[in-house]
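Structural overview
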Amino acid sequence: MEAPPQQFLNGRCTKAVMATSSGYTSTNNKSLNVKGFVTINQGGGLLTKLVSGCLEGIQVLVGKTLALELVSNEFDPRTNLEKKAIKGSVHKATKIDNEVQYELTFELPEDFGNVGVVLVENEQHKEVFLKTIVLDGFSDGPVQFTCNSWIQPKHDNHVRRVFFTDKSYLPSETPSGLRRLREEELVQLRGNGEGERKSSERIYDYDVYNDLGDPDTNIALTRPVLGGSKQRPYPRRCRTGRKHSDADPPSEKKSLSFYVPRDEAFAEIKKTQFNTTTISSGLSAILKSLDALLTDQNLGFVSFLDIDMLYKEGFHLPNLKGKSLTLLQRVIPKFIKAANDTQNVLRFDTPEPLKRDKFFWLSDEEFARETLAGVNPYSIQLVKEWPLRSKLEPQMYGPAESAITREVIKPQIIGYATVEEAIEEKKLFMLDYHDLFLPYVNKVREIKGTTLYGSRTLFFLTDQGTLKPLAIELTRPPMDGKPQWKQVFTPASHSTSLWLWRFAKAHVLAHDSGYHELISHWLRTHCAAEPFVIATNRQLSAMHPMNRLLHPHLRYTMEINSLARGALINANGIIEASFSTNKYSMELSSVAYDQLWRFDLQALPNDLIDRGMAVADPSAPHGLKLTIEDYPFANDGLLIWDAIKQWVTEYTNHYYPNPSVVESDTELQDWWTEIRTVGHGDKSEEAWWPDLKTPNDLIQIITTIAWVASAHHAAVNFAQYTFGGYFPNRPTIARKKMPTEDPSIEEWEKFVKKPEQTLIECFPSQIQATLVMVVLNLLSEHSPDEEYIGQCIEPSWAENPTIKAAFERFNSKMKEIEGIIDSRNANSDLKNRHGAGVVPYELLKPFSGPGVTGKGVPYSISI
């Protein structure tokens, strides 16, 4: 076989660097012979077995598999209609590495013009994964079509697949011969909104979250519909079209799998990783398996020594037989190792902070530092008013005034005469989980094995630039005929008060864990991004430059979200089983969406300003002055934000040199309208939605989406095991109320005598802890095929010299940021990111290897 140009055989980062997409034919001859080189991934459908067979068999079958036709960019000048497409004939095939490539020829008439589209039809009975098509023989070089798509059999889908060249066009610039195909392809992707979707389809449509419960199995597993109402607003998910429940008609029936458009599914290597470390079918299987193993789901750990043994000897599982053992070993093989013929052990890696300091989790300094450099750096905010007050109705929730008074904190803010002076100097900061959580306290407390408070935690910014915890306030609203209860706890050295302080911290950390997972992580990245994915595929053609800019940031999101709906956020899923808010978890995230989510505040600079963590300052780096100078997440994040914005600016300005081009781009305007009015339709009337009238508007919108999918997600995801793998540092649930809340004599005496034991009983049970540890480890992993931001150029970007040069500057900037972060982490004066026993802050360090690393910024929401 004659090989295609070498650049098309290299790795993803370089394979299209020298391609052209013009496709001009020679006018010196009456016809031109063009060779086509088609690459199919061996993991795709029918080729799985063929790659291990004889080459001749591959050649014959491939010839019967794909029918290709070339479409001209131009109308026929004589008829003013599309020119007749030209078919090719296959005559060679070969296997190269893990792919099958075959060669075919086309004979083009001299007046055919530029090739703009390849039409593909699969004539076999199984799907195939088409990677690339390269056409060679033109006077100005080869033409590449980057496909990366599953082609369904002709008998299942009679519509020929359309693949455009890597050259991008705005709608108004679309060559005449491609306009119909461009419009029809979008119509195909939108579907008709009817029927149940098949796994082989490519339909992108919207629906509400009405599939989290399982009422047909048990009516108690009914969950409210999220989205589509003022009571429970929510972003939209991908429509599946499943039948509705008999027991609860608003809900969809439960399914073992959730439809996502075929091309949104994981690539083969990522799918393989998921099936071996797995979370796809795995989380549900883990839950059911461990549930069967541990007869008492509320069984806690006996001592801290027992917890430590998880990392030394592992968690000893009861003896299993046959299928049960096979299930566990299949689901979590990296954790299950046979100790001998009769014993199995669930093993966990020791999290890095625990390796450095066995008692790191007890440290108030570490407790405060993680608000700036931990896995949830999005909650800490500046205190701007005094006294602290709730905005909830006093008649329902009790007095609004906080119990944190000036008398409580004044002795601790040395150097400031009044609280007001400290606030004026921007010295007081807070984690505020009071008004969001308090309305759910009574509901949660009706559930056995969990409890809840509203909480406020106050911090003081020291002269060293670090935060010092001052006080924790826990509040319970009126319930069972009792008035509101609230109490303030402060750091102490006395034995009983010290343990009460640790107990209060455990409750706050459970609140922070829930807020992090449900809001900072799930809602603000995964959930809020799904409408962006759907709208982009429905409204922006595959040849639209903004589709091609966004695509790396959106891949895998829908597949991952579907897995979450099936095992993490569903009724009786991991979140409900292991977090304090239990069955109200997703309902709480709807409240947060209603009260807190704004698109404009997803931009990092706006978020920092809104929380009082920065002020606008044109003379400062990044145009912001940080309220806390050593705020690792913000310091590193602003580097990434600015780099993304500069790249997006150069890309956007190339295609949109003036506002009129933005306003006249019908696909772009429909895209933004659909995001606002459908994907996030419950907030469509909000005044804070940005306009889309100028290139600068577009730059801000695209930068925000890219930031959320890449750096925001990385900051809240890839260190989950680092900080939560030792669960006393970040318990996801507090199972016992504070010992001082209406205690019986026996309860108080038990606490005074054995405070350590009482605290352990408050921590997650054995099954809750181990479930969460397994999940956090899986979520913290980088896939072997991870694509890091700025690392690899997309073929469509490389096709254009201006865009290629802009990307190379972006790539250089990412490498420069790597060095800056390394330098910062070597500076021992930056106590919030480096010091004795502290894990250096690397979450926004751009690149990483596979596995649990606590660093790396992928393009997309990759797990």
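Keep in mind the model is a prediction, meaning the values are calculated, not measured.

Each value, and the rule that gives it
Once a new chain begins, its residue numbering starts again from 1 and follows that chain's sequence as written. Predicted model: local features are reported for residues with pLDDT of at least 70 only, side-chain atom pairs are reported and counted for 80 or more only, and whole-chain, interface and lining totals are derived from all residues. Heavy atoms throughout the structure, all of them, feed into the side-chain values; hydrogens and water do not. Secondary structure is summarised from DSSP: a helix means a run of H or I of at least four residues, a strand means a run of E of at least two, and numbering begins at the N terminus for each. Each residue is placed in one exposure class: buried if its accessible area under a 1.4 Å probe, protein chains only, is under 20% of its type's maximum, exposed if it is over 50%, and partly exposed if it falls in between. Here, two residues are considered to be in contact whenever any of their heavy atoms come within 4.5 Å of each other. Here the open area of atoms and residues is found with the Shrake-Rupley method and a 1.4 Å probe, where only the protein chains shown may cover a residue. At least two bridges found by DSSP between two strands is the condition for calling them paired. A fitted line through C-alpha atoms serves as each axis, taken over the contacting stretch for helices, and the angle formed by two N-to-C directions is quoted from 0 to 180°. Working definition: roughly parallel below 35 degrees, roughly antiparallel above 145 degrees, roughly perpendicular at 65 to 115 degrees, and oblique for all remaining angles. Residue type decides the class: Asp, Glu, Lys and Arg count as charged, Ala, Val, Leu, Ile, Met, Phe, Trp, Tyr, Cys and Pro as nonpolar, and the leftover types, Gly among them, as polar. Two rings from Phe, Tyr or Trp (for Trp, the six-membered ring) form a pair when their centres are within 6.5 Å of each other. A pair whose planes differ by under 30 degrees is stacked, one over 60 is edge-to-face, and the rest are tilted. We call a charge positioned over a ring when the NZ of a Lys or the CZ of an Arg lies within 6 Å of the ring centre and within 35 degrees of the ring normal. Every helix has an expected span of 1.5 Å times one less than the residues it contains. The arc in question is the one traced by the directions running from the helix axis out to the C-beta atoms. Here, a salt bridge means any side-chain nitrogen of Lys or Arg that lies within 4 Å of a carboxyl oxygen of Asp or Glu. Take the buried Ala, Val, Leu, Ile, Met, Phe, Trp, Tyr and Cys residues and link them wherever side-chain atoms come within 4.5 Å; each set so joined is a nonpolar core. Two helices that cross are described as forming a left-handed crossing if the nearer one is turned anticlockwise from the farther one by less than a right angle, and a right-handed crossing if clockwise. Each residue gets a pLDDT score, which is the predictor's confidence in that residue and runs from 0 to 100.

Another point: the overall build of the chain. Within the chain, the secondary structure is distributed over 30 helices and 25 strands. Here the chain holds 863 residues, and 60% of them are scored as buried. Contacts in the chain between residues far apart in sequence, at least 24 positions, make up 75% of those at least 6 positions apart. A total of about 33900 Å² of accessible surface is found on the chain, and carbon and sulfur atoms cover 50% of it.

Quick look at the sheet that holds strand β18 (residues 428-433) now. Here five strands make up an open sheet; going across it, the order is β17-β18-β19-β20-β21 and the pairing antiparallel. Either end of the sheet is taken by a strand with one partner, and the two such strands are β17 (381-382) and β21 (485-489). Its contacts with the sheet place helix α9 (residues 364-373) against β18, β19 (454-461) and β20 (467-476), and it is angled at close to 85 degrees to β20. Taken strand by strand, helix α15 (residues 495-539) contacts β18, β19, β20 and β21, and its axis lies near 80 degrees from that of β20.

Quick look at the packing of α15 against helix α27 (residues 755-762) now. Their axes nearest at 10 Å, the elements α15 and α27 cross at an angle of 5 degrees. Regarding the angle of α15 to α27, the classification is roughly parallel. Taking contact as the criterion, the partners of W499, R502, F503, A506 and H507 in α15 are, on α27, P755, E756, T758, L759 and C762. Looking at the contact of α15 with α27 residue by residue, the class counts come to six nonpolar, two polar and two charged.

Another point: the packing of aromatic side chains. The full count for this structure, using the stated rule, is 40 aromatic pairs. Where W671 meets W672, the ring centres are 5.9 Å apart and the plane angle is 40 degrees; that geometry is what we call tilted. The class for W672 is buried, based on a relative accessible area of 1%. Over the ring of Y453 we find R445, and its NZ or CZ is 4.8 Å from the ring centre. The side chain of R502 reaches across the aromatic face of W499, ending 4.7 Å from its centre.

Helix length check: helix α3 (residues 179-190), at 12 residues, gives a terminal C-alpha distance of 17 Å against a target of 16 Å (1.5 Å per residue), a fit within 8%. Turning to α3, its buried residues are L181, R182, E185, L186 and L189. Buried residues of α3 fall within an arc of 135 degrees about the axis and therefore sit on the same side. For α3, the exposed residues lying more than 90 degrees away from the buried face are E183 and V187.

Positionally, E667 belongs in helix α23 (residues 666-679). Residue classification places E667 among the buried positions, given a relative accessible area of 8%.

Time to look at the sheet that holds strand β2 (residues 66-72). One open sheet accounts for four strands, arranged β5-β2-β8-β11; its pairing is antiparallel. Single-partner strands in this sheet number two, and they are β5 (86-87) and β11 (161-164). In the sheet, strand β8 (residues 115-122) pairs with β11 via four bridges, with the strands oriented antiparallel. Following the sheet pairing, V120 is matched in β11 by R161. On the sheet, α3 packs against β2, β8 and β11 and is oriented at approximately 125 degrees with respect to β11.

The next thing to look at is the pattern of salt bridges. Taken as a whole, this structure holds 52 salt bridges when the rule is applied. A salt bridge links D246 to K253; the nearest nitrogen and oxygen atoms lie 3.2 Å apart. The class for D246 is exposed, based on a relative accessible area of 66%. Each of D207, D211, R237, R242, E252 and R565 takes part in a single network of salt bridges with overlapping partners.

This next bit is on the nonpolar core. Ranked by size, the top nonpolar core spans 176 residues in total, and within it L608, W647 and W671 carry the most contacts. If you tally residues by element for this core, the top one is α15, at 21 residues. Beyond its immediate sequence surroundings of up to four residues, W671 is in contact with F532, A535, T536, Q539, L540, L550, I701, I702 and I705. Counting residues in hydrophobic clusters, the runner-up holds 27 residues, among them V38, L68, V115 and F163.

Once that is clear, we can look at the side chain of R197. Mapping R197 onto the fold places it in the loop between α3 and β12 (206-207). Residues within four places of R197 in sequence aside, it is in contact with I203, R239, T240 and Y259.

Its place among the elements puts K230 in the loop between β12 and β13 (237-238). Note on K230: relative accessible area 79%, which makes it exposed. Through-space distance from the C-alpha of K230 to that of D594 is 8.7 Å; in sequence the pair is 364 residues apart.

Before going further, it helps to spend a moment on unusual backbone geometry. For the bond running from W386 to P387, omega is 0 degrees, close enough to zero to count as cis. Its identity is not glycine, yet H622 carries a phi of approximately 65 degrees, on the positive side. With respect to the helices, strands and loops of the structure, H622 is situated in the loop between β22 (614-616) and β23 (624-626). Taking the relative accessible area as the measure of exposure, H622 reaches 32% and is therefore partly exposed. The backbone of D742 shows a phi angle near 45 degrees, a positive value even though the residue is not glycine.

Next up on the list: helix α21 (residues 632-655). Along its 24 residues, α21 runs 35 Å from first to last C-alpha, staying within 8% of the 34 Å computed at 1.5 Å per residue. Most of α21 sits out of view: 18 of its 24 residues are buried.

Where α15 meets helix α24 (residues 695-717), the closest approach of the two axes is 10 Å, and the angle between their N-to-C directions is 155 degrees. In this view, α15 runs roughly antiparallel relative to α24, as classed from their interaxial angle. The hand of the α15/α24 crossing is left-handed. Where α15 abuts α24, its residues H516, S520, H521, R524, T525, H526 and F532 lie against I705, V708, H712, H713, V716 and N717. Split by residue class, the contact of α15 with α24 holds four nonpolar, eight polar and one charged.

Counting buried positions along β18 gives five out of six residues, so the element sits mostly inside the fold. Taken together, the two bridges between β17 and β18 define a ladder with antiparallel strand orientation. Across the sheet, Q381 pairs through a bridge with M430, a residue of β18.

With 86% of its residues at a pLDDT of at least 70, the chain reaches an overall mean of 88. Note on residues 6-12: pLDDT under 50 across the span, and 18 contacts to partners over four residues away in sequence or across chains. Every residue in residues 14-28 scores below 50 in pLDDT, and together they form 54 contacts with partners more than four places removed in sequence or on other chains.

A separate point is the pairing of strand β6 (residues 89-96). Taken together, the seven bridges between β6 and strand β7 (residues 99-109) define a ladder with antiparallel strand orientation. The partner of S89 across the bridge, within β7, is T105. Turn length for the β6-β7 hairpin, with the two strands adjacent in sequence and antiparallel, is two residues, and the turn residue D97 shows positive phi of about 55 degrees.

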